[in-house]
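# Chain and residue survey
What follows is the residue order along each chain.
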Protein chains: 2
Amino acid sequence: MATAAASDLQTHCSTIAQRAHEASRELAGLDTATKNAWLLASADALVAGSPSILAANKLDIEAAPSYGLSDAQVDRLVLNDQRIAGIATALREIAALPDPCGEIIEGQTRPNGLQMEKVRVPLGVVFFIYESRPNVTADAAAICVKSGNAVILRGGKEAAHSSQAIVEILQQTAATHGVPAGAVQLVDTPDRDAVGYFLKMDQWIDVAIPRGGEGLIRRVASEAAMPVIKHFDGNCHVYVDADADLEMAVNITENAKCHRMGVCNACESLLVHQAVAEQFLPLVAERLKSRGVELRGDQRACAITPMTPASEEDFGAEFLGPVISVAVVDDLQQAIDHIDKYGSHHTDAIVTKDLKAARTFTAAVDSAAVIVNASTRFNDGGEFGLGAEIGISTDKFHARGPCGLRELTTYKYVVYGDGHIRG
Amino acid sequence: MATAAASDLQTHCSTIAQRAHEASRELAGLDTATKNAWLLASADALVAGSPSILAANKLDIEAAPSYGLSDAQVDRLVLNDQRIAGIATALREIAALPDPCGEIIEGQTRPNGLQMEKVRVPLGVVFFIYESRPNVTADAAAICVKSGNAVILRGGKEAAHSSQAIVEILQQTAATHGVPAGAVQLVDTPDRDAVGYFLKMDQWIDVAIPRGGEGLIRRVASEAAMPVIKHFDGNCHVYVDADADLEMAVNITENAKCHRMGVCNACESLLVHQAVAEQFLPLVAERLKSRGVELRGDQRACAITPMTPASEEDFGAEFLGPVISVAVVDDLQQAIDHIDKYGSHHTDAIVTKDLKAARTFTAAVDSAAVIVNASTRFNDGGEFGLGAEIGISTDKFHARGPCGLRELTTYKYVVYGDGHIRG
């Protein structure tokens, strides 16, 4: 019977994936006005439907202890009128963003008179696997549909009732606003095998986006037959150059480390040019210690200011908490080499007044964002003006850094001739 | 001892990959003039080095029977002065192409004064696995280096000596023209395990590009830890609409099918609107039969013109030879649905005078190239004006269709502030 059940589950997943593919074909041709009308109607309907969403959310909150959720995790699960209003606002903001689909990226008339356009089109079907926050359900659905994609949502079981209530409302407004029924679907089984089945259905699903712990992302990346937009760790650096404004450097280091410690664009490692190390390290150590941050330094750093000796592992670590590794470097090139060796190509900053150093650093450091005289915390879709984002890619391929509407698209060549044949 | 040998091979592959990574860091900052000077010098050096290349090529030709190569395969292996001149010309053409690196794709100043640019940069290291044609060795090296990437070349063993001779010359000119030593490396062992080792080294290799049979591509796609640019089959369609110029339709079908039968953008399936089927099918059957092409039709097509009854498989097949499947469809929508069901999203064409039909077809058919009133054979980097291409992607992700210099790049965000911190 186990085999029959497995086969049932696989069939169920196939049905969802095929339905998403069919919907994606319709969505690709849907005009912007229709998509926006659905988003605005959904925002209103979510607010109007608050009682049913809150009732569903209550079931999730009640079940939370049985999942062993921490208080912080329960807090992220809780909905109230204010948070539902926030979800609605996010949908209205996505409606206000430009539609990426149909953009003619470039075009030309060839010498033989053939006219060609490179046109932006949706990827097709997005399989989105995410943590247990109900607001993400609405957000991801909105971003995918606005960019012309159908989405299969696989949320955490801890938010299952809330997500179900939200998706039901999105589907009701879809039915009355010309958005295909399969555009937004929630996987309605907690069975972990379902994820494995979907990851093999590359004939219907065009991209998988896992958002959660490293284990989940590695599992998805290794099992998926389709491309995966991955979001791994950020071991971000601040390098203080010989010619830095040291007060600015202290402020940037503090902000990059302490503004939010648990995020991927927080600074995890501080590199200091030897010429300013003696002056700078005591200043930054005092500031960071006043914020409760432990410094772990290499030999040279420890010789200047008392701090814990750093291990080799510390320089490769993403602490996501009140620890920072510190190293003194001979020069700019050694800083660049250190970042190449230990960094994760996410976000790295230089503090300097020297134009040549800034230009060398930004050219040589191969990270999604390379920042001069500003905090690493600015590598963010909102701060970059991308509008809503479905994740931040640590890949170089297809999408790098914040993934907004445009990063969920591809292109096709549209060619017009007058009976052209190749000679 | 087998384990020791395996470990030796793995270490050898690591050394190559790390060397490529180091070279890629240097290449990313190399100016266009240096890259072009190397390309032009290499073109001259290949011509000047013809005797050594031809001597090496002779060894490959002599060994060809032991590999069981067909006459056509041996012909593709043979070099002579004219072919070496062709290789040199290709390098000079790549030198003349614009450098994609450093392009500022877009940029803005944020309301807070932070200035950001999205800058085109190389992917890093390309692992290129290809068939046994010596000219591809030079071509791929040139395309990769011009786009700022280091390349690890894994050519077919049948062309090992020729490729070695070519790469030696490219490396000599690199040494005298400021191109890093690890920019172009040839894998110097025929051991198939080497490919497996490289495919796991995603810490040094950024993309794998297999060019060859479907088996090779599937192996690479399933084993690779890094992204893969895949080139699967092309089951390309020509759809003859109710409102088509039938003589144009016959010419386009003939050209799409017969111009070169063994290529991915050749037409494999013909769809005909029922309104013109009775008039069109006898015309196109006569033309195709005169070119030695076998028609395999659905029931309606067979009822109009004598042809072999088609099986379900025929409609999904990439024949790469003198066979074409033929179906009569009720209308445009049925043609679009047929292409979605049986096609490979490569290249599909419509022949029509009806503007609305052309617009509907180009919007609804999800293929790398969608063509109106021209042969499917035009989906080609050269015909599209992309210059040199390293392959044709059948993926939607990152690169779709012909892959030229730009498709071997990614981007990074470069951000300038004045001490900005997030509040």
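Just so we're clear, the structure is a prediction, and the values are computed from it rather than from any experiment.

## Focus on the sheet that holds strand β5 (residues 184-186) of chain A
Backbone-to-backbone hydrogen bonds pair the strands of a sheet. The strands run either parallel or antiparallel. Residues and elements named next belong to chain A. As summarised here, the arrangement of the four strands in space is β5-β4-β3-β6, forming an open sheet in which the pairing is parallel. Two strands lie at the open edges of the sheet, namely β5 and β6 (207-210), each paired on one side alone. Geometrically, the sheet is characterised by an average inter-axis angle of 20 degrees between neighbouring strands, direction not taken into account. Strand direction decides the pairing type here: strand β3 (residues 125-129) and β6, joined by four bridges, are parallel. Opposite valine 126, over in β6, you have valine 207 as the bridge partner. Its contacts with the sheet put helix α8 (residues 193-200) on β3, β4 (150-154) and β6, and the angle it makes with β3 is roughly 155 degrees. Along the sheet, helix α9 (residues 214-223) makes contact with β3 and β6, crossing β6 at roughly 165 degrees.

## Here we look at the sheet that holds strand β1 (residues 104-109) of chain B
With respect to topology, 10 strands assemble into an open sheet ordered β10(A)-β9(A)-β11(A)-β8(A)-β7(A)-β12(A)-β13(A)-β16(B)-β2(B)-β1(B), the strand pairing being mixed. The open sheet terminates on both sides in strands that have one partner only, identified here as β10 (308-309) of chain A together with β1 of chain B. Note that strand β8 (residues 267-273) of chain A and strand β11 (residues 323-329) of chain A share five bridges and pair parallel. Counted as the bridge partner of Val272(A) is Val328(A) from β11(A). On the sheet, helix α15 (residues 355-364) of chain A packs against β7 (236-240), β12 (347-351) and β13 (369-374) of chain A together with β16 (409-420) of chain B and is oriented at approximately 145 degrees with respect to β16(B).

## Comments concerning the interface of chain B and chain A
Facing the 73 residues of chain B at the interface are 73 residues of chain A. Taking both partners together, chain B and chain A bury about 6,000 Å²; carbon and sulfur atoms supply 50% of that area. Contact with chain A buries area across many residues of chain B, yet Phe397(B), Tyr413(B) and Arg422(B) alone supply 16% of it, more than any other trio. Inspection of the region where chain B meets chain A yields 12 salt bridges. Two residues, Glu106(B) and Arg406(A), come together in a salt bridge whose shortest N-O distance is 2.7 Å. In this structure, the connection of chain B to chain A is made through 53 residue pairs in polar contact (both at pLDDT 80 or more). Sorting the residues of the side of chain B that touches chain A by element identifies α1 (2-27), β1, β2 (115-122), α10 (246-258), α14 (332-342), α15 (355-364), β13 (369-374) and β16 of chain B as the ones contributing at least two each. No other element matches β16(B), which puts 11 residues into the side of chain B that touches chain A. Considering only residue class, the side of chain B that touches chain A consists of 32 nonpolar, 21 polar and 20 charged.

## Quick look at the relation of the copies chain B and chain A
For the pair chain B and chain A, the best superposition has an RMSD of 0.1 Å and corresponds to a rotation of 180 degrees with a translation of 0.0 Å parallel to the axis. Look at the turn and shift together and you get a two-fold axis relating the two. Using C-alpha coordinates, one finds that chain B approaches the rotation axis most closely at His398(B), a distance of 1.9 Å. When you check the interface residues of chain B against chain A, 100% turn up at the interface there too, and the contact is symmetric in its surfaces.

## Some details on helix α7 (residues 160-176) of chain B
For α7(B), with 17 residues, the first-to-last C-alpha span of 25 Å sits near the 24 Å given by 1.5 Å per residue. Taken together, the buried positions of α7(B) are occupied by Ser162(B), Ser163(B), Ala165(B), Ile166(B), Val167(B), Ile169(B), Leu170(B), Thr173(B) and Ala174(B).

## Quick look at the nonpolar core
Ranked by internal contacts, the top residues of the largest apolar core, which has 228 residues, are Phe198(A) and Phe198(B). In this structure Phe198(B) touches Cys13(B), Ile16(B), Ala17(B), Phe127(B), Ile152(B), Val187(B), Ile205(B) and Met226(B), once residues within four positions along its chain are discounted.

## Topic: the domain arrangement of chain A
Parsing chain A into structural domains produces domain 1 (2-232 + 403-415) and domain 2 (236-378). The C-alpha centroid of domain 2 of chain A is placed 37 Å from the C-alpha centroid of domain 1 of chain A.

## Some details on the side chain of His346(B)
Residues and elements named next belong to chain B. Checked against the element boundaries, histidine 346 lands in the loop between α14 and β12 (347-351). Polar contacts involving the side chain of histidine 346 include one to the side chain of threonine 347, which spans 2.7 Å. Beyond its immediate stretch of four places on either side in the chain, histidine 346 contacts Asp233, Gly234, Cys236, Cys264, Asn265, Ser367, Ala368, Ala369, Asn379, Ile392 and Thr394.

## Thoughts on unusual backbone geometry
Despite not being glycine, Asn373(A) has its phi angle at roughly 55 degrees, a positive value. Following the sequence through the fold, Asn373(A) ends up in strand β13. The buried category is assigned to Asn373(A), whose relative accessible area is 10%. Even without glycine at this site, His345(B) takes up a positive phi of about 60 degrees. Locating His345(B) in the fold gives a position in the loop between α14 and β12. You can call His345(B) partly exposed: its relative accessible area is 28%.

## A closer look at the UniProt feature "domain: Aldehyde dehydrogenase" (unreviewed entry) in chain A
All names here are of chain A. Sites flagged by UniProt as "domain: Aldehyde dehydrogenase" (unreviewed entry) map to residues 11-311 and 317-385. Between the end C-alpha atoms of residues 11-311 there is a gap of 51 Å, over a span that is 51% helix and 16% strand. Secondary structure across residues 317-385 comprises 30% helix and 26% strand; the distance between its end C-alpha atoms is 29 Å.

Rules behind the numbers
- Residues numbered from 1 in each chain as written.
- Chains lettered and ligands numbered in written order.
- Predicted model: local features only at pLDDT ≥ 70, side-chain atom pairs only at ≥ 80, totals over all residues.
- Heavy atoms only, no water.
- Pairing = 2+ DSSP bridges.
- Helix = DSSP H or I, 4+ residues; strand = E, 2+ residues; numbered from the N terminus.
- Axes fitted to C-alpha atoms, helices over the stretch in contact; angles between N-to-C directions.
- Contact = heavy atoms within 4.5 Å.
- Buried area = accessible area lost by both parts, 1.4 Å probe.
- Salt bridge = Lys/Arg side-chain N within 4 Å of Asp/Glu carboxyl O.
- Polar contact = N/O pair within 3.5 Å; in protein donor to acceptor, adjacent residues only side chain to side chain.
- Nonpolar A, V, L, I, M, F, W, Y, C, P; charged D, E, K, R; others polar.
- Least-squares fit on C-alpha atoms with pLDDT ≥ 70 in both.
- Expected span 1.5 Å × (residues − 1).
- Buried < 20%, exposed > 50% of the residue type's maximum accessible area, 1.4 Å probe, protein only.
- Core = buried A, V, L, I, M, F, W, Y, C linked by side-chain atoms within 4.5 Å.
- Domains from an automatic or database assignment.
- UniProt positions renumbered as here; feature names shortened; annotations may be inferred.

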